Amino acid sequence: MAAAEGGGAGGGRREPPHTLQGLLEMALVAGEAQPEPRQPMAEERQRWLRAAVTEALGSTGGSRAELQRCLRVLARPCPGEEAAERGPGDTGEHERALEELAELCESLDNATDFCSLGGLEAAVQLLGHPWAPLRAGAARLLGCCAQNLPRAQGRALGLGALPALLGALRADPHPRVPPAALFAVSCLVRAQPEGLEQLEALGGLEVLGGVLQSPQPALRARAAFLLHCLLKEHPRLKGPLVGLGLVPRVVTLLRSEHDGAHEHGLGALCSLATDFPEGLRECRAPGLGLEELLRERRQLLRGHDEFQEELEFCERLLQLCFETPPRGIHHGPVTPKPPQIAPKIPPSLGGPRKTPQNPATPPMRGE
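Read on for a plain summary of the structure. (Residues numbered from 1 in each chain as written. Predicted model: local features only at pLDDT ≥ 70, side-chain atom pairs only at ≥ 80, totals over all residues. Heavy atoms only, no water.)

The phi torsion at N148 lies on the positive side, around 60°, for a residue other than glycine. According to the relative accessible area criterion, N148 is exposed, its value standing at 66%. Of note in this structure, A191 is not a glycine but carries a positive phi near 55°. Mapping A191 onto the fold places it in the loop between α10 (177-189) and α11 (193-201). (Buried < 20%, exposed > 50% of the residue type's maximum accessible area, 1.4 Å probe, protein only. Helix = DSSP H or I, 4+ residues; strand = E, 2+ residues; numbered from the N terminus.)

Right, let's talk about the environment of L230 for a bit. Locating L230 in the fold gives a position in helix α13 (residues 217-233). Given the relative accessible area of 1%, L230 is considered buried. Remark: the alpha-carbon pair of L230 and L196, spanning 34 residues in sequence, is separated by 9.1 Å. Look past the residues within four positions of L230 in its chain and what remains in contact with it is R190, L196, L199, L208 and L237. (Contact = heavy atoms within 4.5 Å.)

Okay, the pattern of salt bridges next. Going through the model one piece at a time under the given rule, you end up with 14 salt bridges. In this structure, the salt-bridge partner of E310 is R297, at a minimum N-O distance of 3.0 Å. Separated by 13 residues along the polypeptide, E310 in helix α19 (residues 308-321) and R297 in helix α18 (residues 290-301) bring together distant segments of the chain. Like R297, E310 is buried. Linked through salt bridges whose partners overlap, the residues forming this network are E291, R295, R298 and E323. (Salt bridge = Lys/Arg side-chain N within 4 Å of Asp/Glu carboxyl O.)

What follows deals with α19. In a regular helix each residue adds 1.5 Å, so 14 residues correspond to 20 Å; α19 covers 20 Å between its end C-alpha atoms and thus fits that length. For α19, every residue scored as buried is listed here: E310, L311, F313, C314, R316, L317, L318, L320 and C321. Summarising the contacts, the buried residues of α19 are in contact with α13, α16 (261-273), α17 (277-284) and α18. (Expected span 1.5 Å × (residues − 1).)

In short, shape yes, function no, at least from these values alone.
See below:
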């Protein structure tokens, strides 16, 4: 006990440090008071450690100051904002502020500070800005702030962010805006019951199904990934999505040029066909030609390690819908991986293939 009560060179009880700076000072003193012979820490090394700790202690305050500075920029009107059309340079400072805020809000502490400073209100207002780079930047910022932060998710939903984001995802003509909007939508609805409830009420499931036919490969892949995740996390969505015609939508996607969306489209079909008779019947519909498509795809993917997950989904779906699986096989859930743009299958391996005689892409029921 005596050893525990003694401390430092003075031998008496010391007040425990309450800051990193105090901890460093105590460690330096304790190091010098060791009974064993040790090489003393050089003064230069001590100065370096003190500077490092000081910088670490000041980083939080510095980040908050940066948040405040960027928000002051966003609070100022854009040059030429009253004009019907503006050049890219008019909003350059505002665009840079949004980019900096998004990077800062990757940190949960900074995202929390951003919310307390009224940043979400500023971002939601910019979702309707006439200049597309600001709409895209605001959507990305909302997503970065809302990721894994329930307080920010709830506040953004209360401010009406989701209807604006779905509107951008559905009809924004600028190619930069829908991907940023989809990212924000994903951050607001996954693991967020209120967000998912709003998504359903606002027709967001139909919007996601429509995005599967987007001309942007990355956007298709992200939409397929989100639908796959939602089906795995919320099996009750199988009924609504089958009723909206998701199965023929995904099959049409699979007949398009091969990209990263195909893996997650197949994963979504596996979810719809698992323990859900209506989804199984949809996949087996003769008019879809899904069995032939899957057998061809399985043959093409074999031997290509980069498509291993997609091949596994193919085989599972064939077993679920068109083959009798061996006894003892359990088709358990497969966790979807984040979307990546898959390399194109070379024509020598059969891709891209011409679409067989098939009517135009069926609309999502309810559109």
